Amino acid sequence: MNKVFYFLLSLLILAGCDISDNDAVDPSEGFFKIYDNNLFDASFIPIDIQQTTDGGYLILSSKRIETSNFTGVNLIKVDKEGNFIEEQIIDEQYVGPVDQLVKIADSYYFMAMDATSLQAMLFTVNDSSRVTAINPTGLSYPMYIAEDGENILALSYNNGDKNSIISRISTSGQTLQTAAYGIGAGSDTEAPIISHFTRTGRQLPFFAGRMNGGVYYFNGFYNYTMSLVFTNFGEDPLGVVQGQQDDGGFSSGMSISGGNFALSRFNFGDNFIIPSIDLNTTGTTSATDFEGNAFPELSENAPVVLDLINIDAQEAILYGSNTKSGQIILMAYGKSSGELLGTKYLGSTYPYQIADFIVTEDMGLAVVGNTSVAGRFDRICLFKLSKEELSDLIN
Amino acid sequence: MAKNSTILSLAIILLLSSAAHGQFYKHKYNTKKPSEADKFEKTQWWLGFKAGANLTEPNVSQQYYGFSPVNYPASDLDKNYDSWDKLGGQAGLEITFYHQGFSFSFQPNYRRQSFSYSNTYQWLSAENAANSIDLKYEYNHKLDYVELPLIIKYDILKGSKFRPFVQVGGYYATLTNANKQIEISGTDYASGNAGPFENQQLIIGAKDLFIKSSVGILGGVGVAYDFWNIRLVFDASYKHGLNNIADQKNRYAENQLSGLGDALDDIQLNNLSFNFGALFPLRFISSEGHNAVR
């Protein structure tokens, strides 16, 4: 009988652990939310996300409006458990918000353009999703912004001179440095850019950044192709990795260390992941020179986001993209080895597409994307992965 | 609060275990030597089988949603639970030690419990009120547990063939399997006519959505009828779950239906069980008549 007694006792102790562990779970560690709107005609496009100082999240998004061919601007504030708090619908005078939502000090910045003049405006936003300043920048057709220390790096398009413009601007919109590089003559060259702005065509993978040593790079149109251009704001680029018009080139990229880059590229619909490659930043090469790992499971010309993050004290390059089966895929590669450490799929039932991800204060991951609710309605969704879930990605 | 309930339940079950344990030793070291007939009348071991049906009531302490509405109240997303309407079943063993009207019973069993809820959603056109889509999602859960209840029974009437009794106890159960079935129905008013959706059904494994352990207390009534050397038992018990069975860590992470807006609430299960059993005495009096047990 003693054995039975101790067996029951051990079961009860196990039960106690199981139940108390469950009670101790913090709902903010991991969640999934779809921000639903019950209007049949509403359609939302997520752009980027930042975590606010209260642990909540600020989501920059866009939606179709009737007063412009371009899309309008929305800001959504949610709490740390992902529950919707409020939505700021920016005046329809401003359209075409660009990737990214940048955090500098305690403020957030995004760029959109005036619907009439098409001039790029820099918006300053506070933790509560309130717009506190709108500053003109002197740029037009903004395509991408990125943090550059205490300033902002902006990629834009001048359709009068048919130039891609890379600029460093202050947080009040003043231009600090700028350089213009021709996209090539003819309306055919410009057509994909205009389709990108009106969202009537493919969304082009514009991005920009700074390498160690002060050389800047941008992925945009140059000399008739989607190219990765290296510049020190001189009259000519320092170097170029050419694409294949808008049919091939890089879909994401960031400098890991000097000329060593983590990249992904697309080529006539196919997708390739290049976790570590040393680029020639002072000459002219072609994106097709870099084979990379073919990922046939990614959707055609898939949008890719990537970042260098710490997972379990290990530096990893995390890629996020969309699969042909309608899921979001996360792929982690070792920074030094360039080897695939693990993959994780997000979403089921209806199709999902990634917009961006950020590492959260609790060392988890927030992934913002969109899904088709009931298979019909485009809505913004937010996956919050706990630190443990992120750790499982590489273990 | 949930933690206190858990501790209370553990204490009750331990108390029952200790009581049963103590009874064995008390019997073993009893210095008074009763006659064989007296001993048989007052003390007996029973072993048998039980089976029956059960109904479940989900008791929701907090609702969770996969949707977070931006332009309508979150209360529109509240789930509608059905209580006591999904039939489950159980089967198992009963091992009972009887002593002077009191029975200490261990009744391990395999049980299936079911509960269900539904959501309704509507999307409307701002421009044309006739354009709308109504959807209803009905979720049915089936949970299989191995349950280990410890029960004290007290015979209200002793010495007759019919022995009505009352019983109280506690249980620990461990989840062995769970699945979730969804049925989607609705009407599309926006495609030119009021077109009903064809019912779509999907069944998924849902074990990761629930924690392994379930504990609770129970109380009930029953009646035993001694027939030849068999004791036939019918009882009804109300079981009150004391812990949240939803796995909070996996609420969204392992929910394949989260794209539908589904998220499992914090739930404690209450249950009404009806059992029929046949018990056999393990000790017999040697007599020519081979008397039935009283």
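Residues numbered from 1 in each chain as written. Chains lettered and ligands numbered in written order. Predicted model: local features only at pLDDT ≥ 70, side-chain atom pairs only at ≥ 80, totals over all residues.

Visitor: Help me out: how do you make sense of the overall build of chain A in this one?
Guide: A count of helical and extended segments in chain A gives three helices and 30 strands. Relative to the globule expectation of 21 Å for 395 residues, the C-alpha radius of gyration of chain A, 22 Å, shows essentially globular dimensions. Seen through its principal axes, chain A has C-alpha atoms that stretch 90 × 45 × 40 Å. Relative to its 395 residues, chain A shows a buried fraction of 49%. Across chain A, the fraction of contacts at a sequence separation of at least 24, relative to all contacts at a separation of at least 6, is 46%. (Helix = DSSP H or I, 4+ residues; strand = E, 2+ residues; numbered from the N terminus. Rg over C-alpha atoms; globule rule 2.2 N^0.38 Å. Buried ≥ 20, exposed ≤ 12 C-beta atoms within 10 Å, placed from the backbone. Contact = placed C-beta atoms within 7 Å.)

Visitor: It is not clear to me how the overall build of chain B should be interpreted in this structure. Could you clarify?
Guide: Scanning chain B from N- to C-terminus turns up two helices and twelve strands. Counting only residues that meet the buried cut, chain B has 38% of its 294 residues in that class. Contacts in chain B between residues at least 24 apart in sequence constitute 73% of all its contacts with a sequence separation of at least 6.

Visitor: When you look at the pairing of strand β5 (residues 109-124) of chain B in this model, what are you seeing that I'm missing?
Guide: Regular strands place their side chains on alternate faces of the sheet. All names here are of chain B. As paired strands, strand β2 (residues 80-82) and β5 are joined by three bridges and run antiparallel to one another. Paired with Asn 80 across the bridge in β5 is Ser 118. As paired elements, strand β3 (residues 87-99) and β5 share four bridges and run antiparallel to each other. Across the sheet, Gly 92 pairs through a bridge with Asn 109, a residue of β5. Where β5 and strand β6 (residues 132-155) come together, 16 bridges link them in antiparallel fashion. Note that in β6 the partner of Ser 114 across the bridge is Lys 142. (Pairing = 2+ DSSP bridges.)

Visitor: Would you take a moment to explain the interface of chain B and chain A for this structure?
Guide: When the parts come together, some accessible area is lost, and that loss is often what is quoted as the size of the interface. At the interface, 46 residues of chain B touch 38 residues of chain A. Mapped onto the side of chain B that touches chain A, the elements with two or more residues apiece are α1 (2-28), β5, β6 and β10 (213-227) of chain B. The element contributing the most residues to the side of chain B that touches chain A is α1(B), with nine residues.

Visitor: Could you clarify how one ought to interpret the sheet that holds strand β24 (residues 305-311) of chain A in this entry?
Guide: Backbone-to-backbone hydrogen bonds pair the strands of a sheet. The strands run either parallel or antiparallel. Residue and element names in this part refer to chain A. Strand order in the open sheet made by the four strands is β24-β25-β26-β27, with antiparallel pairing throughout. Sheet topology places β24 and β27 (340-346) at the edges, where each strand pairs with a single neighbour. In this sheet, adjacent strand axes meet at a mean angle of 25 degrees when their direction is disregarded. Sheet analysis places strand β25 (residues 314-322) next to strand β26 (residues 328-334), joined by seven bridges and oriented antiparallel. (Axes fitted to C-alpha atoms, helices over the stretch in contact; angles between N-to-C directions.)

Visitor: Help me out: how do you make sense of the pairing of strand β1 (residues 43-62) of chain B in this one?
Guide: All names here are of chain B. Pairing geometry for β1 and β3, over 13 bridges, is antiparallel. The partner of Gly 48 across the bridge, within β3, is Glu 94. Of the pairings in the sheet, the one linking β1 to strand β12 (residues 266-281) comprises 16 bridges and is antiparallel in character. Paired with Thr 56 across the strands is Asn 271, a residue of β12.

Visitor: Looking at this model, I keep getting lost on the confidence of the model for chain B. Mind explaining?
Guide: If pLDDT is low for a region, its predicted coordinates should not be looked at in detail. All names here are of chain B. Confidence along chain B averages 84 in pLDDT terms, with 82% of residues attaining 70 or more. In this model residues 1-31 is a low-confidence stretch, pLDDT under 50, and it forms 46 contacts with partners more than four residues away in sequence or in other chains. Overall, residues 285-294 carries pLDDT values under 50, and its contacts beyond four positions in sequence, including any with other chains, amount to 15 contacts. Scoring of the predicted complex yields 0.88 for pTM and 0.88 for ipTM. (pLDDT = per-residue confidence, 0-100.)

Visitor: So what exactly am I meant to see when it comes to the nonpolar core here?
Guide: Membership of the largest hydrophobic core comes to 145 residues, with the highest contact counts inside it found for A:Ile59, A:Met111, A:Ala112, A:Ala208 and A:Val367. With sequence-adjacent residues up to four places away left out, A:Met111 is seen in contact with A:Val98, A:Ala120, A:Met121, A:Leu122, A:Pro142, A:Ile145 and A:Ala154. In this structure, B:Trp46, B:Tyr98, B:Phe165 and B:Val233 belong to the second largest nonpolar core, which totals six residues. (Core = buried A, V, L, I, M, F, W, Y, C linked by C-beta atoms within 7 Å.)

Visitor: Help me understand the sheet that holds strand β3 (residues 57-64) of chain A, please; the structure alone is not making it clear to me.
Guide: Residues and elements named next belong to chain A. Pairing is antiparallel in the open sheet, where four strands are placed in the order β2-β3-β4-β5. The strands lining the two open edges of the sheet, one partner per strand, are β2 (44-51) and β5 (84-89). Geometrically, the sheet is characterised by an average inter-axis angle of 20 degrees between neighbouring strands, direction not taken into account. Of the pairings in the sheet, the one linking strand β4 (residues 71-78) to β5 comprises five bridges and is antiparallel in character.

Visitor: Looking at this structure, I do not really get helix α2 (residues 187-198) of chain A. What am I missing?
Guide: The periodicity of an α-helix, 3.6 residues per turn, causes residues three or four positions apart to be oriented the same way. Residue and element names in this part refer to chain A. Compared with the 16 Å implied by 1.5 Å per residue over twelve residues, the 16 Å span of α2 between its first and last C-alpha is a close match. Within α2 the residues assigned to the buried category are Ile 193, His 196 and Phe 197. When α2 is viewed along its axis, its buried side chains cluster within an angular range of 100 degrees and face the same direction. The exposed residues of α2 that point more than 90 degrees off its buried face are Ser 187, Asp 188 and Ala 191. Among the structural elements, β12 (151-158) and β16 (216-222) are those in contact with the buried residues of α2. (Expected span 1.5 Å × (residues − 1). Arc of directions from axis to C-beta.)

Visitor: Please clarify how unusual backbone geometry should be interpreted in this entry.
Guide: Glycine aside, the phi torsion of most residues is negative, and most peptide linkages are trans. Residues and elements named next belong to chain A. Backbone torsion omega between Asp 99 and Gln 100 reads 25 degrees, so that peptide bond is classified as cis. With respect to the helices and strands, Gln 100 occurs in the loop between β6 (94-95) and β7 (102-104). One non-glycine residue, Ala 313, lies in the positive phi region at around 60 degrees. Take Ala 313: it is sitting in the loop between β24 and β25.

Visitor: When you look at the environment of A:Asp106 in this model, what are you seeing that I'm missing?
Guide: Topologically, A:Asp106 is positioned in the loop between β7 and β8 (107-114). Expressed as a C-alpha distance, the spacing of A:Asp106 and A:Asn126, which sit 20 residues apart in the sequence, is 7.4 Å.

Visitor: Explain the environment of A:Thr200 to me, please; I cannot follow it from the model alone.
Guide: Checked against the element boundaries, A:Thr200 lands in the loop between α2 and β15 (207-210). Along the primary structure A:Thr200 and A:Ile273 are separated by 73 residues, whereas in three dimensions their C-alpha atoms are 27 Å apart.

Visitor: Could you clarify how one ought to interpret the environment of B:Gly66 in this entry?
Guide: Mapped onto the secondary structure, B:Gly66 falls in the loop between β1 and β2. Taking the number of C-beta atoms within 10 Å as the measure of exposure, B:Gly66 has 25 and is therefore buried. A sequence separation of 77 residues divides B:Gly66 from B:Leu143, and the C-alpha atoms of the two residues are 22 Å apart. Residues contacting B:Gly66, with those up to four places away along its chain left out, are A:Phe32, A:Lys33, A:Ile34, B:Ser258, B:Gly261, B:Asp262 and B:Ala263.

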